Structures are given as C-alpha cells and as structure tokens.
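# Summary of the model geometry
These are the residues of each chain, in order.
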Amino acid sequence: MTMSSVNKTDVYLKRFIAGVEKRNPGEQEFHQAVAEVAETVFPYIADKQIYHKMQIMERMAEPDRVIMFRVPWTDDEGNIRNQRGYRVQFNNSIGPYKGGLRFHPSVNLSVLKFLGFEQTFKNSLTGLPMGGGKGGSDFNPKGKSDNEVMRFCQSFMTELHRHIGENTDIPAGDIGVGAREIGYLFGQYKRIENRFVGVLTGKGMAFGGSKIRTEATGYGAVYFMQNMLEYKGDDIRGKTVCISGSGNVATYAVEKVNQLGGKVVTLSDSSGFIYDPDGINAEKLAFVMDLKNVRRGRISEYADEFKGASFHEGRPWGVSCDIAMPCATQNEINRDDAENLVKNGCIGVSEGANMPTDLEGIHTFQNAGMLYAPSKAANAGGVAVSGLEMSQNSSRISWDEAELERLLKDTMLTIHNSCVEYGKNKDGVDYLAGANIAGFIKVADAMLAFGHT
Ligand code: NDP
Ligand code: 2IT
C-alpha cells in the first residue's frame, strides 16, 4: 500500500467507527468488538472497491433484528419477578442464526450485540454453514433453587420459541447456561411446539446431545495454542499455564492441558483466584467440577481443600506463566494485566472467553511479539461441535467420541491455517488479522451475491 492509500484507509476506518458509535450510543462493548474487526478488515479491503460500494462492513455492523421481551417468573417465596430477555439475530448470510444464551446480571443489548457480531465471524471460520446470533437475560442463576431456574427457563422459552427453529435460529449455552438450563429450555420448546427437533445444541445425551460438545470449547482453545506453538517448533508439554474462570470452558481447558503434558496453576471466579504451584491435576479438577456444577460453590473452597494452594482477590495475571488462557468473561485483561504477563515471561495467549482482552491489552501482546489467538478463532471449537450436533440431529444419527474429537482437532487446525493464510507477515503471523479477514470474506461474499439485502 502507498502512503496515500494508508491515509485514505485510516480516514475510512475512523469515519466508519464514528458512524457505528453514533448509531449505537453508549454500547461500549459493541463499539469495541466492531473496532477490533474493522482495524484489520479495512486495510484488507482498501483496494477492493466492491466491498465499499456495497457497504458491506456498514451492513455487517447492523444486526438483522433484535428481539427484546419481558420474562416474568415466580420465586420460591411466591414473589413475582421480572427480567428482560433478548435474542439478537445478527447475520444469517451463510446459515441459520447460531450462538449461545447468556444468563448474567451484566447482560444488556451492548453485550449481546458484541457477542452476536463476533459470533458471525467465528461461525464463518469454522467452515460450517452457520450464521451469527446471541441471546440471554439479566437473570442471575446464582443462589437460585433448581425450581426457580426451571420456572425462569420455561417463561423465557414461552416467548423465545416463536423466534427460533432448527432451520432459523439455534441457541446454545454460554455464561450461566449449561446442561441444566438447556434441559429446561428444550423441554419447554418441545412442549409448546409439539416437535422434537434440534432447535438447541448442548443438549443432554439422552435427548439428542452430541459427545464432546461439553468439552469442545476448552479442548479447542488448547488445541489452538498447541497449533500455534507447533507452527514455531514448540510444544505445550512442560509449560506452565494460567487459566481464569472455573466454568465449562476453563475446566475442560485444564483437562486438555493436563493431557498434553502442561501444568495449570490458576483458576478463578468473580470473587478471586486460586494459585496452586503444584498444578491442578485430574483429582483436583474433579473437585472443581463437582464444586461448580453440582454444589454450585465458590472457587475459594479449593484453597481450603488442597494444601499448598492459596486464594487471592483480583485476577490471576500477576502469576508467572508461559501461557495465559482467559476463560471467564470480556475485558478481563487490560493493558496493566497484559504488561504483567509480558514482564513475567508469558509467550502465548489463547482466548477461551469472548473478547477477554481489551484493545490496549491486545496491542501490548502484539507489540511484545507474543502468540496471540483471538477468541473468535481460539474458542470456535464449541460452536463447531454445536454445528456437528445439528448435523447429527437432522440425520438422526450419533457419531462416536473418537470421531468427534478428531473432527474438533481438524477444525481447530483448519482455523489455525486460515489465520496463517490471511495473517502471515514479515514478523510471523498476525492471528487477529488472519481470523478477522478469513471470517469476513465468506460472509461478505455471500452478501455480495444477495445484492441489496
Ligand atoms: P460458565 O458460566 O460455565 O463459567 C463462567 C466462569 O467465568 C465462572 O467461573 C464465572 O465466575 C466467571 N465469570 C463470569 N462472569 C464473570 C465476571 N464478570 N467477572 C469475573 N468472573 C466471571 O461459562 P462458560 O465457561 O461457558 O463461558 C466462559 C466464557 O467462554 C464466556 O466468555 C463465554 O462467552 C465463552 N465461551 C463459551 C462457550 C461455551 O461453549 N460454553 C463457547 C465459546 C465461548 P462466577 O461463578 O463467580 O460468576
Ligand atoms: O460463544 C460461543 O461460541 C458459544 N457460547 C457457543 C455457541 C454455540 O452455539 O454453541
């Protein structure tokens, strides 16, 4: 690119971001996600006038539709409670809307639009025919009884059912939505519609679920890290890993790191983190899974249970490690956290959570020459196996575990190689640019084919 084309790209980019900010006032997370993609896609399309003429990025930054609804439910004391439910159907250019549901008090339109936008690119990277969507509620499952969670899920689905379908929009889990919630949601869909179809993924094995789906996001994020290391002639074996979160993604990331010969020394939740210099082995991991999934307790209990482990307030990024895997939530690594990781010798980051690193944190990693795997590539294993669950449901078959794990592993390698193809430069691989551009091309070309839609 010449100097003047660089300047022109910069002008277009700034104008585009300013437009997004103006049209979506106050939606900080959404602005952040769009800016992160635009910073790498605008230079790529600088000399491809058709994408500008057809306003592709402008249209991609606008959800197809947003559905917002009231979710009344009754708590165990008989009080009527009221929550807000959402489904953001972001883009169905390459397949039906697909993406998780999040139940967390922080859920709002900005958060779900950022997640739906990201999901569109992520799903494109998987190579499967899935568009992007996301939904959820500000309902807080923490401290609620099973019956309260059930009544909430039933009320939520009583509205959502009319907007989704196995060929229209297929939700799944995310923060606060796991096996228990998917069971209640699926049961209510089936009851209202009187149809047994694969309208949700992450289902239980007794009613159409897929093997490996529960493990897929965490496993996939570790495979992605292994792929980046192998590309440089290195390996995860013997590496010390800091992981945040202690939910679905974090716990299965621990399991795969252990299988590949690494050592995980931290886990966290919203109260703080535990540090275990001896490593979180299979026995300790089984304790964490029972604690989080069955007893629904706090990660601090780990430090009471295992000698040598300690609990600390805050986030785990001050602990010295070779590899960091944020697997809790968005914006959990800022510039200070990133600088700490670099200073302590961390060489690679694989994002299990969605957008866990803010823009300054990302630039810090990139300037330090670290291996940085953005979430839309690193955590795509979860939705990829969801896509395989959809295939199994529609053909009424179920594949075995070995086959699904092979497919997951192959998918993560294919995504890695797409990032290399579009992100390779003189200094190595810019995985962020590679993921954004590779994800963009397929969706953009489908939109071009549709004309002015
Ligand atoms: P879970 O609900 O199973 O676990 C979430 C974990 O993150 C908990 O330990 C939780 O702690 C912690 N956490 C949540 N919010 C915050 C917060 N605001 N501050 C600090 N800690 C927090 O969710 P998942 O493991 O499914 O999801 C984790 C991340 O991975 C999310 O970003 C999600 O979008 C992403 N993801 C999930 C996929 C999946 O298949 N499940 C697929 C791809 C991405 P606490 O209990 O204290 O709230
Ligand atoms: O962010 C994600 O990719 C998910 N929460 C999983 C979505 C899915 O449809 O499996």
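Up top is the structure these notes are about.
What you are looking at is a predicted structure, and each value in this text was computed from that prediction instead of being measured. (Residues numbered from 1 in each chain as written. Chains lettered and ligands numbered in written order. Predicted model: local features only at pLDDT ≥ 70, side-chain atom pairs only at ≥ 80, totals over all residues. Heavy atoms only, no water.)

## So, the site of ligand 2
Basically, it comes down to this: Whether a residue is near a molecule or strand depends on its heavy atoms: if one lies within 4 Å, it is near. Any N or O atom pair separated by 3.5 Å or less is treated as a polar contact, with the protein-specific requirement of one donor-capable and one acceptor-capable atom, and with residues adjacent in sequence counted only for side-chain atom pairs. For every accessible area listed, the method is Shrake-Rupley and the probe measures 1.4 Å; residues are considered covered only by the protein chains on display. Think of it this way: any DSSP run of H or I at least four residues long counts as a helix, any run of E at least two long counts as a strand, and we number them from the N terminus. Side-chain classes are defined by residue name, with Ala, Val, Leu, Ile, Met, Phe, Trp, Tyr, Cys and Pro counting as nonpolar, Asp, Glu, Lys and Arg as charged, and the others, Gly among them, as polar.
The immediate surroundings of ligand 2 are formed by 13 residues, with K98, K122, K134, D174 and S386 found nearest. In this structure, S386 approaches ligand 2 through a side-chain N or O atom, which is 2.6 Å from an oxygen atom. Here ligand 2 loses 94% of its free accessible area of 290 Å² to cover by the protein chains. Put simply, the parts of the chain that give the shell around ligand 2 at least two residues each are β3 (97-103), α5 (109-125) and α15 (380-394). It is β3 that provides the largest number of residues to the shell around ligand 2, a total of three residues. Across the shell around ligand 2, the residue classes break down as two nonpolar, six polar and five charged.

## Points about the sheet that holds strand β2 (residues 80-91)
Operational definition: Here the rule is simple: two strands pair whenever DSSP picks up at least two bridges between them. Lines fitted to the C-alpha atoms define the axes, with helices restricted to the stretch that makes contact. Angles between their N-to-C directions range from 0 to 180 degrees. We call two residues contacting when some pair of their heavy atoms lies within 4.5 Å.
Across the sheet, five strands lie side by side as β1-β2-β4-β3-β5; this open sheet has mixed pairing. The two strands at the open ends of the sheet, each matched to only one other strand, are β1 (65-74) and β5 (169-172). On average, each strand axis in the sheet is inclined to that of its neighbour by 20 degrees, with strand direction left out of account. One ladder, built from six bridges, connects β2 with strand β4 (residues 131-137); its direction is antiparallel. Bridge pairing in β4 places Y86 opposite G136. Sheet strands in contact with α5 are β1, β2, β3 and β4, and its direction is about 150 degrees off that of β4.

## A word on the side chain of R180
The criterion, for reference: Relative accessibility decides the category of a residue: with a 1.4 Å probe and only protein chains considered, values under 20% of the type maximum give buried, values over 50% give exposed, and everything between is partly exposed.
Relative to the assigned elements, R180 resides in helix α7 (residues 179-193). The exposure class of R180 is buried, given its relative accessible area of 14%.

## A short note on the site of ligand 1
Taken together, 26 residues surround ligand 1, and among them D174, T217, S270, R298 and N354 come closest. The side chain of R102 places a nitrogen or oxygen atom 3.0 Å from an oxygen atom of ligand 1. Between ligand 1 and the protein, one listed contact pairs an oxygen atom with a side-chain N or O atom of N354 at 2.8 Å. Protein contact buries 83% of the 880 Å² of open area that ligand 1 shows by itself. Its residues assigned to classes, the shell around ligand 1 shows five nonpolar, 13 polar and eight charged.

## Description of the sheet that holds strand β6 (residues 240-243)
With respect to topology, seven strands assemble into an open sheet ordered β9-β8-β7-β6-β10-β11-β12, the strand pairing being mixed. In this open sheet, the two edge strands, each paired with only one partner strand, are β9 (310-312) and β12 (371-373). Strand-to-strand twist in this sheet, taken as the mean axis angle between neighbours without regard to direction, amounts to 15 degrees. As paired strands, strand β11 (residues 348-350) and β12 are joined by three bridges and run parallel to one another. Counterpart to V349 in the pairing with β12 is Y372. Against the sheet, helix α8 (residues 213-231) makes contact with β10 (323-325), β11 and β12, and its axis sits at roughly 150 degrees relative to β11, the strand it touches most.

## Thoughts on the pairing of β5
Where burial is concerned, the two faces of β5 agree: the one with D169 and P171 and the one with I170 and A172 are both buried. Inspection of the sheet shows β3 paired to β5 by four bridges, in the parallel sense. Residue pairing in the sheet places G99 in a bridge with P171 of β5.

## Considerations on the pairing of β1
Within a regular beta strand, the side chains point alternately toward one face of the sheet and then the other, so they alternate between its two faces. Both β1 and β2 contribute to a ladder of 10 bridges, which runs antiparallel. Of the residues in β2, the one forming a bridge with P72 is N82. Between β1 and β2, which follow one another and run antiparallel, lie five residues, and G78 among them has a positive phi close to 90 degrees.

## A closer look at helix α2 (residues 28-45)
To keep it simple, the criterion reads: Multiplying 1.5 Å by the residue count of a helix minus one yields the expected span of that helix. Throughout, the bend at a residue refers to the angle made by two axes, fitted to the seven residues ending there and to the seven starting there.
For α2, spanning 18 residues, the distance from its first C-alpha to its last is 25 Å, which sits close to the expected 26 Å at 1.5 Å a residue. Where α2 bends most, at A38, the angle is about 35 degrees. Counted residue by residue, α2 has 14 buried out of 18 residues, so it is predominantly covered.

## A short note on the pattern of salt bridges
Cut-off, in case you're wondering: Between Lys or Arg on one side and Asp or Glu on the other, a salt bridge is scored when a side-chain nitrogen of the former is within 4 Å of a carboxyl oxygen of the latter.
Counted under the stated rule, the structure contains 29 salt bridges. A salt bridge links E62 to R23, with the nearest nitrogen and oxygen atoms 2.9 Å apart. Of this pair, E62 sits in the loop between α4 (56-60) and β1 while R23 sits in helix α1 (residues 3-23), placing them 39 residues apart in sequence. By relative accessible area, which is 60% here, R23 ends up exposed. We note a salt bridge from D410 to R406, for which the minimum N-O separation is 3.0 Å. Placement of both D410 and R406 in helix α16 (residues 401-423) is noted, with a separation of four residues, approximately one turn of the helix. Given the relative accessible area of 36%, D410 is considered partly exposed. With relative accessibility at 41%, the residue R406 sits in the partly exposed group.

## Re the packing of helix α6 (residues 146-160) against α7
Pairs of packed helices are described in terms of their axes, by the angle between the two and the distance that separates them. In plain terms, the rule: When describing relative orientation, an angle under 35 degrees is termed roughly parallel and one over 145 degrees roughly antiparallel, while 65 to 115 degrees is termed roughly perpendicular and anything else oblique. A crossing counts as left-handed when the near helix is turned anticlockwise from the far one by less than a right angle, and as right-handed when that turn is clockwise.
Relative to each other, α6 and α7 sit at 45 degrees, their axes nearing to 8 Å. Put simply, α6 runs oblique to α7. When the axes of α6 and α7 are compared, the crossing they make is right-handed. Taken together, the residues of α7 that come into contact with α6 (itself represented by D146, V149, M150, C153, Q154, F156, M157 and T158) are R180, E181, Y184, L185, Q188, Y189, R191 and I192. Looking at the contact of α6 with α7, its residues break down into nine nonpolar, three polar and four charged.

## Overview of the packing of aromatic side chains
Here is the rule: Centres within 6.5 Å make a pair out of two Phe, Tyr or Trp rings, where for Trp the six-membered ring is used; the pair is then stacked when the planes are under 30 degrees apart, edge-to-face when over 60, and tilted otherwise. In our convention, an over-ring charge means Lys NZ or Arg CZ found within 6 Å of a ring centre and within 35 degrees of that ring's normal.
Enumeration over the complete set of coordinates arrives at 22 aromatic pairs. When the ring of F16 is compared with that of F42, the centres are 5.1 Å apart and the planes differ by 40 degrees; the resulting orientation is tilted. Residue F16 is located in helix α1, and its partner F42 is located in helix α2; the two are separated by 26 residues in the primary sequence. We classify F16 as buried; its relative accessible area is 6%. Residue classification places F42 among the buried residues on the basis of a relative accessible area of 3%. Relative to F152, the ring of F103 has its centre 5.1 Å away and its plane inclined at 90 degrees; by these criteria the two rings are edge-to-face. With F103 in strand β3 and F152 in helix α6, this residue pair connects regions lying 49 residues apart in the sequence. Three or more aromatic residues joined by ring pairs form one cluster here, namely F69, W73, F103, F139, F152 and F156. Here the basic side chain of K113 rests over the ring of F30, its NZ or CZ set 4.8 Å away from the ring centre.

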